[in-house]
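Understanding the architecture of this molecule
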Amino acid sequence: MVLPGATGFGSVREAPSTREERFALGEGLRQQVPYERLGEWAASPARFDPLALIAMSHAGRVPELVGIRVARMASSPYGFLRGSAVVMAADVASLPSTGIRPVICGDAHLGNFGFYRSPEGVQVIDLNDFDEAHPGGWEWDLRRLVASVWVAGRENGYAEAACELAVRSCVEAYAAEVAGLATMPLLARSFNRLDVNRLRDTVQERTLRDEIKRAAKTARRRTSDRVLPKLTAEVAGRRRIVAEPPITTAVSAEDHGAIAAGLDDYLGTLAPHWRRVVGGYTLEDAAHRVVGVGSVGLRAYVALLVGSSPDDVLFLQLKEARRSVLARFVHGDEAWHSHQGQRVVEYQQALQTVSDPLLGWTTIAGRDYYVRQFRNMKGTVPLNAITESALSDYAGIVGYLLAKGHARTSGASMIAGYLGDGAAAGEALATFARRYADQTEADHAALVAAAKAGRLPLADDAFMGSAFRPG
């Protein structure tokens, strides 16, 4: 697989050779796509039917889990936004774009940023969901992020003025970071990261600083050894993953064997040191476990591996990977990526400064999967814990992180040239975010009505979960 390089700019045919030329080209794109066009949104008659797109995305999922997915999306407008990346991909791909196409997250909503442990054991914060990662318009990610800021702000009961301020903060932080990184050597910008301690020290708003401290502390307890008693029980002298249907369910002997074979193949995708480390563990048990909102219904397994002693354990997660929702708008109907799990892993490593060293991929029963640590100090700041006054600060943090990811791949100088200081673009994107928040609420209401009328399956409320809680 080849990552897009300096020429991966879509409509831009020839890549200029110097930063100054790239910056000037970005400035020139303001004539083709004026800032005010970033504020455009109105559902046209040609818009893809959002409920039809959601129904189509259910094809190939585990049928009995689709109702859980619908229920989690029906829980709130933000829940709908989380689960409807396929809808927003179609919407943003139809809007004006500069044609600059780095690798993007594809699902950069506010809840897809969080904590995890670096290979050196340091807790960092970054983008943390890459199921839809793909080359695409940088505006696509930024539009999804600012829309999620507005939807989440409304859901928390915040004033429209506070939502607008947060969106502007997000865009201006994005512009400032991409401009700063554009002046750095490619190698130097590759090492730029945000550790949790540095994050906490730079946040001015007290309630947000306290919430980051609390959430990071909680995430540090999310390790394999700490969750072993919670997720497993001893049965006939062996550790077994506890079933909690329909969220966690046992797998058949046939599936267990297929998972074991898949993990053997996965070892070959790891760097030599980590291949030896993971190869020292033995598969003890595996179970199917429902995660997230958009991923519900796709096959996802948690595997318990045991080392040289009973308390030396490792939980791995195997998640089914399908074609990115962005792919059809970049490459048409052709797959382009030969293995979707490999796509997720390599684009995650492209966008994050540091990644889980156990990231890899495999194939099980003809389906593509990526593999990662199930418990790796992962966590996030709960969106309903962010106060109105802190929303702007937090939106600035995630805008910074998104820019950091985009600048690692391609197009930073051109994006910086186009955005300038981000103030005018922020004003336009605030208009878009407000309009798209209205659209999200309308689409959510349509989903709820369809589910109540029986046109979409709907699980019992007990399994809906919270849209503000990470999967």
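Since this is a predicted model, take the numbers as computed values, not measurements.

What counts and what doesn't
Residues numbered from 1 in each chain as written. Predicted model: local features only at pLDDT ≥ 70, side-chain atom pairs only at ≥ 80, totals over all residues. Heavy atoms only, no water. Helix = DSSP H or I, 4+ residues; strand = E, 2+ residues; numbered from the N terminus. Buried < 20%, exposed > 50% of the residue type's maximum accessible area, 1.4 Å probe, protein only. Areas by Shrake-Rupley, 256 points an atom, 1.4 Å probe, with all protein chains shown as cover. Lys, Arg positive; Asp, Glu negative; His and termini not counted. Charge placed at Lys NZ, Arg CZ, Asp CG, Glu CD. Phe/Tyr/Trp six-rings, centres within 6.5 Å; stacked < 30°, edge-to-face > 60°. Contact = heavy atoms within 4.5 Å. pLDDT = per-residue confidence, 0-100. Pairing = 2+ DSSP bridges. Axes fitted to C-alpha atoms, helices over the stretch in contact; angles between N-to-C directions. Parallel < 35°, antiparallel > 145°, perpendicular 65-115°, else oblique. Left-handed = near helix turned anticlockwise from the far one by under 90°. Nonpolar A, V, L, I, M, F, W, Y, C, P; charged D, E, K, R; others polar. Expected span 1.5 Å × (residues − 1). Salt bridge = Lys/Arg side-chain N within 4 Å of Asp/Glu carboxyl O. Core = buried A, V, L, I, M, F, W, Y, C linked by side-chain atoms within 4.5 Å. Disulfide = S-S within 2.5 Å. Arc of directions from axis to C-beta.

A word on the overall build of the protein
In terms of helices and strands, the protein carries 18 helices and 12 strands. By its C-alpha atoms, the protein is 70 × 55 × 50 Å across when sized along the principal axes. Out of the 471 residues belonging to the protein, those deemed buried represent 58%. Total accessible area on the protein is roughly 18,700 Å²; 52% of this is exposed by carbon and sulfur atoms. With 53 positive and 53 negative side-chain charges, the protein shows a separation of 3 Å between the mean positions of the two kinds.

Considering the packing of aromatic side chains
All chains considered together, the criterion is met by eight aromatic pairs. Between the aromatic rings of Trp 138 and Tyr 418, the centroid separation amounts to 5.9 Å while the plane-to-plane angle is 65°, which identifies the pairing as edge-to-face. Within this pair, whereas Trp 138 is found in helix α6 (residues 138-155), its partner Tyr 418 is found in helix α17 (residues 412-419), the two being separated by 280 residues in sequence. For Tyr 418, a relative accessible area of 0% translates into the label buried. Grouping aromatic residues by their ring pairs yields a cluster made of Tyr 35, Trp 138, Tyr 174 and Tyr 418.

Side note on the environment of Phe 374
By the secondary structure assignment, Phe 374 is in the loop between β12 (367-373) and α16 (388-407). In sequence terms Phe 374 and Leu 316 are 58 residues apart; their C-alpha atoms lie 4.9 Å from each other. With sequence-adjacent residues up to four places away left out, Phe 374 is seen in contact with Leu 231, Arg 289, Val 302, Phe 315, Leu 316 and Gln 317.

Overview of the confidence of the model for the protein
In the predicted model, the protein carries a mean pLDDT of 92, and 94% of its residues have values of at least 70. Low pLDDT, under 50, characterises residues 1-14; the stretch is placed with 34 contacts to residues that sit more than four places away or in other chains.

A look at the pairing of strand β10 (residues 313-320)
The buried count for β10 comes to eight of eight residues, which makes it a mostly enclosed element. Judged by which residues are buried, β10 turns out to be covered on both faces: Val 313, Phe 315, Gln 317 and Lys 319 on one side and Leu 314, Leu 316, Leu 318 and Glu 320 on the other are all buried. Strand direction decides the pairing type here: strand β9 (residues 300-306) and β10, joined by seven bridges, are antiparallel. Counted as the bridge partner of Leu 304 is Phe 315 from β10.

Digging into the packing of α6 against helix α7 (residues 160-182)
Closest axis-to-axis distance for the α6/α7 pair is 9 Å, and the angle between their directions is 155°. Compared by their axis directions, α6 and α7 come out roughly antiparallel. Relative to α7, the crossing made by α6 is right-handed. For the pair α6 and α7, the contacting residues are Trp 138, Leu 142, Leu 145, Val 146, Val 149, Trp 150, Gly 153 and Arg 154 in the first and Glu 160, Cys 163, Glu 164, Ala 166, Val 167, Cys 170, Val 171 and Tyr 174 in the second. Classifying every residue of the contact of α6 with α7 gives 12 nonpolar, one polar and three charged.

Brief notes about α7
Spanning 23 residues, α7 covers 33 Å between terminal C-alpha atoms, matching the ideal 33 Å at 1.5 Å per step. Residues Ala 162, Cys 163, Ala 166, Val 167, Cys 170, Val 171, Tyr 174, Ala 175, Glu 177, Val 178, Leu 181 and Ala 182 constitute the buried set of α7. Where α7 is buried, its residues contact α1 (19-32), α6, α8 (186-189), α16, α17 and α18 (423-452).

Thoughts on the pattern of salt bridges
Pairing between side chains becomes possible if they bear opposite charge and their charged atoms approach one another. What the rule picks out here adds up to 18 salt bridges. In this structure, the salt-bridge partner of Arg 144 is Asp 107, at a minimum N-O distance of 2.7 Å. One end of the pair, Arg 144, is in helix α6; the other, Asp 107, is in the loop between β1 (103-104) and β2 (113-117), with 37 residues separating them in the sequence. You can call Arg 144 buried: its relative accessible area is 3%.

A look at the pairing of strand β3 (residues 123-127)
A large share of β3 lies buried, amounting to five of its five residues. Relative to β3, β2 runs antiparallel, the two sharing five bridges. Bridging from a neighbouring strand, Tyr 116 pairs with Val 124 of β3. Between β2 and β3, which pair antiparallel one after the other, the connecting turn spans five residues, and Gly 121 there sits at a positive phi close to 90°.

A closer look at the nonpolar core
The biggest cluster of nonpolar side chains holds 110 residues, and the ones touching the most others in it are Leu 110, Phe 115, Leu 142, Val 146, Tyr 174 and Tyr 394. A total of 12 residues in this core trace back to one element, the largest contributor, which is α18. Each residue touching Val 146, except ones within four places of it in the same chain, is listed here: Val 167, Cys 170, Val 171, Leu 429, Phe 432 and Ala 433. Membership of the second largest hydrophobic core comes to 19 residues, among which are Ile 259, Leu 267, Leu 316 and Ile 364.

Section: the sheet that holds β12
Strand order across the open sheet formed by six strands is β7-β8-β9-β10-β12-β11, with antiparallel pairing between neighbours. The open sheet has two edge strands with one neighbour each: β7 (248-250) and β11 (360-364). Across the sheet, the mean angle separating the axes of adjacent strands is 35° when strand polarity is ignored. Each of β8 (282-289), β9, β10, β11 and β12 touches helix α12 (residues 253-267); the most contacted strand, β11, lies at about 145° to it.

Some words on the state of the cysteines
With the rule as written, the count across this model stands at zero disulfides. Unpaired in terms of disulfides, Cys 170 finds its nearest cysteine sulfur in Cys 163, a separation of 13 Å.

Considerations on helix α10 (residues 206-220)
When the terminal C-alpha atoms of α10 are compared, their 21 Å separation across 15 residues agrees well with the 21 Å that a helix rising 1.5 Å per residue should span. What α10 keeps buried is the set Leu 208, Glu 211, Ile 212, Ala 215, Ala 216 and Ala 219. Taken around the axis of α10, the buried residues stretch over an arc of 130°, which confines them to a single face. Residues of α10 that are exposed and angled more than 90 degrees away from the buried face: Arg 206 and Lys 213. Packing partners of the buried residues in α10 comprise β2, β3, α9 (196-202) and α16.

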